Amino acid sequence: MPTSQAEAFYERESGSRFLPTAYTRGPWDADSQHAGPPAALLALAVEQRPGGRPDMRVARLTYEIMRPVPIRPLTVATRVLRAGRSVELVEAVLTPEGGQEVMRATVLLMKTAPDSVPQVSPGPQVPGPSTAPLKAFFPVPWDQGYHTAMDVRFAAGSFLDPGPATAWMRMRVPLVAGEEITPLSRVLTAADSGNGVSAELDFHRYVFVNADLTVGLHRHPEGEWVCLDARTMVDGAGIGLAESALHDEKGPLGRSTQSLYVAARG
């Protein structure tokens, strides 16, 4: 059951301990979180770690999702794997109270020097959120969860139409109660939804669960909205891949991928 009633995904109980709310609940299991909020929580711990350098920026995050994240108090721990002059590698681990590690992130940070090189950002633009209609989330059996904590507007496709989709997403509540939402948190809260918005198979007949998430960013995100221009590919042997081109209202900013376990529902 949720451990906080705050109007946010989490409430910070101490520096590294967080209490989840009902907004973290995913669409498949009443006792488990959608992977987006905990992914953002791990990245926030890397951003806020003691000794972090202000000239370093996150360039890539790779998440291993070992098991469902329960709606229980969570502890986040970080450690530096490599501290270089131009590149850092930091690990962040998420562990629920009384349980085993559920999610691990390896985060690559790179030194920045504004205006030191020509800026190149190729890639197609997508229609903005102001032109994208609000469409219904697929049916969820509880009133409060991730599906009520996010605004979702589709420039193409929908949750209920199979195939590629272009979805703009915006957080309705903060990641942590009383704390400002960081631009990176906005991207990571949304990025794990690529396989959901671009589902090729019937939700009721098949599972297509991602065991990982990788996000690469060539640019720092701006604004409240994050766009997933997403598609899913599935092999008949039961392995799939969801990939999303990530945008904000300024333009392309990176990509995300998810490895999918695909099977018929029992």
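Per chain, residue numbering runs from 1 following the sequence as it is written. Local features in this predicted model are restricted to residues whose pLDDT is 70 or higher, and side-chain atom pairs enter the listing and the counts only when it is 80 or higher, whereas totals over whole chains, interfaces and linings include all residues. The side-chain numbers reported here are obtained from all heavy atoms of the structure, hydrogens and water having been left aside.

Could you clarify how one ought to interpret the overall build of the chain in this entry?
Helix and strand definitions follow DSSP, with helices as H or I runs of at least four residues and strands as E runs of at least two, each counted in order from the N terminus. For the chain, the count of helices and strands is four helices and 13 strands. We take the radius of gyration over the C-alpha atoms and set the globule estimate at 2.2 Å times the residue count to the 0.38 power. Over its C-alpha trace the chain gives a radius of gyration of 18 Å, about what one expects of a compact globule, namely 18 Å for 266 residues. Taken along the three principal axes of its C-alpha coordinates, the chain extends 50 × 45 × 35 Å. With 266 residues in all, the chain has 51% of them scored as buried. We call two residues contacting when some pair of their heavy atoms lies within 4.5 Å. In the chain, of all internal contacts separated by at least 6 residues, the share reaching a separation of at least 24 is 65%. Calculation of accessible area relied on Shrake-Rupley with a 1.4 Å probe; when residues are assessed, cover is drawn exclusively from the protein chains displayed. For the chain, the computed accessible surface area is about 12400 Å², with 53% contributed by carbon and sulfur atoms. Charged side chains of the chain number 25 positive and 29 negative; the gap between the two group centres comes to 5 Å. Three labels apply to residues, based on accessible area from a 1.4 Å probe with only protein chains included: buried if under 20% of the type maximum, exposed if over 50%, partly exposed otherwise in between. We treat Lys and Arg as the positive residues and Asp and Glu as the negative residues; His and chain ends play no part in the count. One atom stands in for each charge, and that atom is NZ of Lys, CZ of Arg, CG of Asp or CD of Glu.

What exactly am I supposed to notice about the pattern of salt bridges here?
Working definition: two side chains of opposite charge can pair if their charged atoms are close together. The working definition used for a salt bridge is a side-chain nitrogen of Lys or Arg within 4 Å of a carboxyl oxygen of Asp or Glu. In total, this model carries 13 salt bridges according to the counting rule given. In this structure, Arg12 engages Glu179 in a salt bridge whose closest nitrogen and oxygen atoms are separated by 2.7 Å. With Arg12 in strand β1 (residues 10-12) and Glu179 in the loop between β8 (161-171) and α3 (183-191), this pair connects stretches of sequence that are 167 residues apart. Among the ionic pairs, Glu13 bridges to Arg17, the shortest N-O distance being 2.1 Å. Salt bridges linked by common partners bring Arg79, Glu91, Glu101 and Arg104 together as one network.

Which parts of the structure should I look at to understand the pairing of strand β6 (residues 103-111)?
Consecutive residues of a regular strand have side chains that alternate between opposite faces of the sheet. A pair of strands is treated as paired once DSSP finds two or more bridges between them. Note: strand β3 (residues 56-65) against β6, nine bridges, orientation antiparallel. Counted as the bridge partner of Val58 is Leu109 from β6. The antiparallel hairpin formed by strand β5 (residues 87-96) and β6 contains six residues in its connecting segment, where Gly98 sits at a positive phi of about 70 degrees.

It is not clear to me how the packing of aromatic side chains should be interpreted in this structure. Could you clarify?
Two aromatic rings, taken as a pair, are described by how far apart their centres are and by the angle between their planes. Whether two aromatic rings pair depends on their centres lying within 6.5 Å, for rings of Phe, Tyr and Trp, where Trp uses its six-membered ring; planes under 30 degrees apart make the pair stacked, over 60 edge-to-face, and the rest tilted. By the definition in use, this model includes three aromatic pairs. Considering the side-chain rings of Phe154 and Phe159, the 5.1 Å spacing of their centres and the 80 degrees angle between planes classify their relative orientation as edge-to-face. The pair formed by Phe154 and Phe159 is uniform in burial state, with each residue classed as buried. Among the aromatic residues, ring-to-ring pairing joins Trp28, Phe203 and Phe208 into one connected group. Seen from the ring of Trp28, Arg265 lies directly overhead, with NZ or CZ sitting 5.1 Å from the centre. The rule for a charge over a ring is simple: NZ of Lys or CZ of Arg within 6 Å of the ring centre, and within 35 degrees of the ring normal.

Would you mind going over the nonpolar core with me for this structure?
Nonpolar side chains in soluble globular proteins tend to be buried together. In plain words, nonpolar cores are sets of buried Ala, Val, Leu, Ile, Met, Phe, Trp, Tyr and Cys residues tied together by side-chain atoms within 4.5 Å. By size, the foremost hydrophobic cluster in this structure holds 66 residues, and its most contacted members are Phe9, Leu61, Tyr63, Leu94, Met103 and Val215. The element that contributes the greatest number of residues to this core is helix α1 (residues 36-48), accounting for eight residues.

So what exactly am I meant to see when it comes to the pairing of strand β12 (residues 239-248) here?
β12 sits mainly inside the fold: seven of its 10 residues count as buried. Where strand β11 (residues 226-234) folds back on β12, the antiparallel hairpin that results is connected by four residues, among which Gly238 adopts a positive phi of roughly 105 degrees. Inspection of the sheet shows β12 paired to strand β13 (residues 251-264) by 10 bridges, in the antiparallel sense. Opposite Leu246, over in β13, you have Gly254 as the bridge partner.

Just checking my understanding: could you explain the side chain of Ser244 for this structure?
Within the secondary structure, Ser244 is located in strand β12. On the accessibility criterion, Ser244 (1% relative accessible area) is buried. Those residues in contact with Ser244 that lie beyond four places of it in its chain are Gly194, Leu228, Asp229, Ala230, Gly254, Arg255 and Ser256.

Can you help me understand the packing of α1 against α3 in this one?
How two helices pack is summed up by the angle between their axes together with the distance between the axes. Following both chains from N to C, one finds α1 and α3 inclined at 155 degrees, their axes separated by 7 Å at the closest point. On the basis of the axis angle, α1 is roughly antiparallel to α3. For the pair α1 and α3, the crossing hand works out as right-handed. Contacts between α1 and α3 involve Gly36, Ala39, Ala40, Ala43, Leu44 and Glu47 from the first element and Leu184, Ser185, Leu188 and Thr189 from the second. Residue composition of the contact of α1 with α3, by class: six nonpolar, three polar and one charged. Angles run from 0 to 180 degrees between N-to-C directions of axes, and those axes are lines fitted to C-alpha atoms, restricted for helices to the stretch in contact. With respect to orientation, any angle under 35 degrees is reported as roughly parallel, any angle over 145 as roughly antiparallel, any angle of 65 to 115 as roughly perpendicular, and every other angle as oblique. The hand of a helix crossing depends on one turn: near helix anticlockwise from the far one by less than a right angle means left-handed, and clockwise means right-handed. Amino acids outside the nonpolar list (Ala, Val, Leu, Ile, Met, Phe, Trp, Tyr, Cys, Pro) and the charged list (Asp, Glu, Lys, Arg) are all regarded as polar, and Gly is one of them.

Honestly, the side chain of Ser193 in this entry has me stumped. Any pointers?
Following the sequence through the fold, Ser193 ends up in the loop between α3 and α4 (194-197). Residues adjacent in sequence count toward polar contacts only when both atoms are side-chain atoms; beyond that, a polar contact is any pair of N or O atoms within 3.5 Å, and within protein one must be able to donate a hydrogen and the other to accept it. A polar atom in the side chain of Ser193 sits 3.0 Å from the side chain of Tyr146. Residues in contact with Ser193, not counting those within four places in the same chain, are His34, Tyr146, Met169, Leu228 and Gln258.

Just checking my understanding: could you explain α1 for this structure?
Along its 13 residues, α1 runs 18 Å from first to last C-alpha, staying within 8% of the 18 Å computed at 1.5 Å per residue. Counting buried residues in α1 gives 11 out of 13 residues, a clear majority hidden from the surface. Along α1, the residues classified as buried are Gly36, Pro37, Pro38, Ala39, Ala40, Leu41, Leu42, Ala43, Leu44, Ala45 and Val46. Given a helix with a known number of residues, its expected span is that number minus one, times 1.5 Å.

Taken by themselves, the reported measurements are silent on function.
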